[in-house]
Amino acid sequence: MAADISACQAKGKIVTLSLGGASASVGFLSDGQAATFAQTIWDLFLGGSSSIRPFGTAVLDGIDLDIEGGSSASYTTFINTIRSRASGASKKYYITAAPQCVFPDAALSSVLNAAIFDAVYGSITILAVFNRSVKNWNFGLWDDWARFTSPNKNVKIYIGAPASPSAAGSGYQHIDTMKNISVSMRKSFPSFGGVMLWDVSQAYANGRYDLAVKNALVAAGGTGFTFPACSAPVWTAGDYVGGSLVTYNGYVWQAKWYASSQPAANPNGDWSALTACTGSGMALTLTCGGVAAWASTAIYVGGNQVTFQYVLGHVPSSESKFLKVSSLDG
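Residues numbered from 1 in each chain as written. Predicted model: local features only at pLDDT ≥ 70, side-chain atom pairs only at ≥ 80, totals over all residues. Heavy atoms only, no water.

What about the overall build of the chain?
Part 1 of the argument: Counting secondary structure elements, the chain contains eight helices and 11 strands.
Part 2 of the argument: Per-residue burial over the chain gives 40% buried out of 330 residues.
Part 3 of the argument: When contacts within the chain are restricted to residue pairs at least 6 apart in sequence, long-range pairs at least 24 apart make up 63% of them.
Part 4 of the argument: On the chain, roughly 16,800 Å² of surface is accessible, and the fraction owed to carbon and sulfur atoms is 54%. (Helix = DSSP H or I, 4+ residues; strand = E, 2+ residues; numbered from the N terminus. Buried < 20%, exposed > 50% of the residue type's maximum accessible area, 1.4 Å probe, protein only. Contact = heavy atoms within 4.5 Å. Areas by Shrake-Rupley, 256 points an atom, 1.4 Å probe, with all protein chains shown as cover.)

Concerning the side chain of D105
Part 1 of the argument: Within the element layout of this structure, D105 appears in the loop between β3 (94-97) and α4 (109-114).
Part 2 of the argument: Although D105 is buried, it forms no salt bridge, and the closest oppositely charged side chain is R83 at an N-O distance of 16 Å.
Part 3 of the argument: Excluding residues within four positions of it along the chain, D105 makes contact with I67, P99 and Q100. (Lys, Arg positive; Asp, Glu negative; His and termini not counted. Salt bridge = Lys/Arg side-chain N within 4 Å of Asp/Glu carboxyl O.)

What about the sheet that holds strand β1 (residues 17-21)?
Part 1 of the argument: If you walk across this open sheet you meet the six strands as β1-β2-β3-β4-β5-β6, and the pairing is parallel. With one partner strand each, in any of the chains shown, β1 and β6 (192-198) form the two edges of the open sheet. The mean angle between the axes of side-by-side strands here comes to 20°, regardless of whether they run parallel or antiparallel.
Part 2 of the argument: Across four bridges, strand β4 (residues 119-122) lies against strand β5 (residues 156-162) in parallel orientation. (Pairing = 2+ DSSP bridges. Axes fitted to C-alpha atoms, helices over the stretch in contact; angles between N-to-C directions.)

Comments concerning the pairing of strand β8 (residues 245-248)
Part 1 of the argument: As judged from the four bridges shared by β8 and strand β9 (residues 251-255), these two strands associate in the antiparallel manner. In the sheet register, L245 faces β9, and the bridge partner there is Q254.
Part 2 of the argument: Two successive antiparallel strands, β8 and β9, enclose a turn made up of two residues, where N249 displays a positive phi of approximately 55°.

Notes on the sheet that holds β9
Part 1 of the argument: Here we have three strands laid out as an open sheet, ordered β8-β9-β10, and antiparallel in their pairing. Both outer strands of the open sheet, β8 and β10 (271-276), are each paired with one neighbouring strand and no more. Ignoring strand direction, the axes of neighbouring strands in this sheet form an average angle of 35°.
Part 2 of the argument: Relative to the sheet, helix α5 (residues 139-148) contacts β9 and β10, its axis offset from that of β9 by approximately 145°.

Comments concerning the pairing of β5
Part 1 of the argument: Counting buried residues along β5, five of its seven residues qualify, which places the element largely inside the surrounding structure.
Part 2 of the argument: At this point the chain moves from β5, through helix α6 (residues 175-188), to the parallel β6, and the crossover so formed is right-handed. (Right-handed = clockwise from strand over helix to strand, strands pointing away.)

Side note on the state of the cysteines
Part 1 of the argument: One pass over the structure, following the stated rule, counts one disulfide.
Part 2 of the argument: One disulfide bridge connects C230 with C277, the sulfur atoms lying 2.0 Å from each other. Across the S-S bond linking C230 and C277, the dihedral sits near 90°, which makes this disulfide right-handed. Here C277 lies in the loop between β10 and β11 (314-315) and C230 lies in the loop between α8 (209-219) and β7 (239-240), a separation of 47 residues in the sequence. (Disulfide = S-S within 2.5 Å.)

Regarding unusual backbone geometry
Part 1 of the argument: The amide bond that connects W198 to the next residue, D199, takes the cis arrangement and shows omega of -10°.
Part 2 of the argument: Within the element layout of this structure, D199 appears in the loop between β6 and α7 (200-205).
Part 3 of the argument: Even without a glycine there, the phi angle at S74 is positive, about 75°.
Part 4 of the argument: By secondary structure assignment, the location of S74 is in the loop between β2 (62-67) and α3 (75-86).
Part 5 of the argument: Positive phi values are uncommon outside glycine, yet N249 reaches one of about 55°.

Some remarks on the packing of helix α2 (residues 31-45) against α3
Part 1 of the argument: With their axes 8 Å apart at the nearest point, α2 and α3 run at an angle of 40° to one another. Taken together, α2 and α3 sit at an angle that is classed as oblique. Our pair here, α2 against α3, has a crossing hand that is right-handed. Note on element contacts: α3 touches α2 through T77, F78, T81, I82, R85 and A86, opposite D31, A34, A35, F37, A38, Q39, I41 and W42.
Part 2 of the argument: Looking at side-chain class alone, the contact of α2 with α3 contains nine nonpolar, three polar and two charged residues. (Parallel < 35°, antiparallel > 145°, perpendicular 65-115°, else oblique. Left-handed = near helix turned anticlockwise from the far one by under 90°. Nonpolar A, V, L, I, M, F, W, Y, C, P; charged D, E, K, R; others polar.)

Structure (structure tokens):
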């Protein structure tokens, strides 16, 4: 395999060692054990030296943690030790992770928050209802983590997806859907890094699924990111019906269902971030027929009239106490 690894690297491909797996339930008993194992990995596969080198003279480009079970204890020490060994190297070494669908990741959440990763290959929930529902689509959560929580604010988030129907038990999407999802995320979030497919043999056998995704992303502008304008109304305290769009804290959010909480990167919250954005969002000014706009702080008595732009989804918290008199154009 040494010749194959070197041939791929010569073409600009990064080759890393993946540790863990679906059936692996392992971990470290102490920081000392983690540091010792990191040194072993460094000597056997990366920039160190050993009388035993499984891939001969080939030097891998880093490690990928696919930890799906066991304890996460001391993995931060393991990563930091690799980083320390690589700090004076003549080439760059990458450390990546492949967490599972649910955010935060059950196995590596604390490690992701404490150690420096270059990329996260998120097995983001891929659903056929992507274009109709955001309830289970969590790229926005990962983008918020990448920009505001990760120690490396330049970490990139990749969509993880099966490359053919036989590559995984579920989650496969037709190439047209996959291209749509990929391009949409590329234009929506600055942390987007690309698409990770498992695996290359499945992609090749499936009509070069990988190349079709790549070509779609290149056509969409390749690398770099321009923040779109915040095009939704500014969030204000109140109740919103499912599907409502608001601007808050640099994102456009969509209500998953009837929402009354403040938008936040909360996997169990009422809102899902659709896109990062720039600007203050739209301000609503209603002057319909001289009737005042509804205000959440006002007290109303029977017979009072208010105007409200219900079409945007924001409804008075005491909506059931109001009777719609007419639709006003103003």
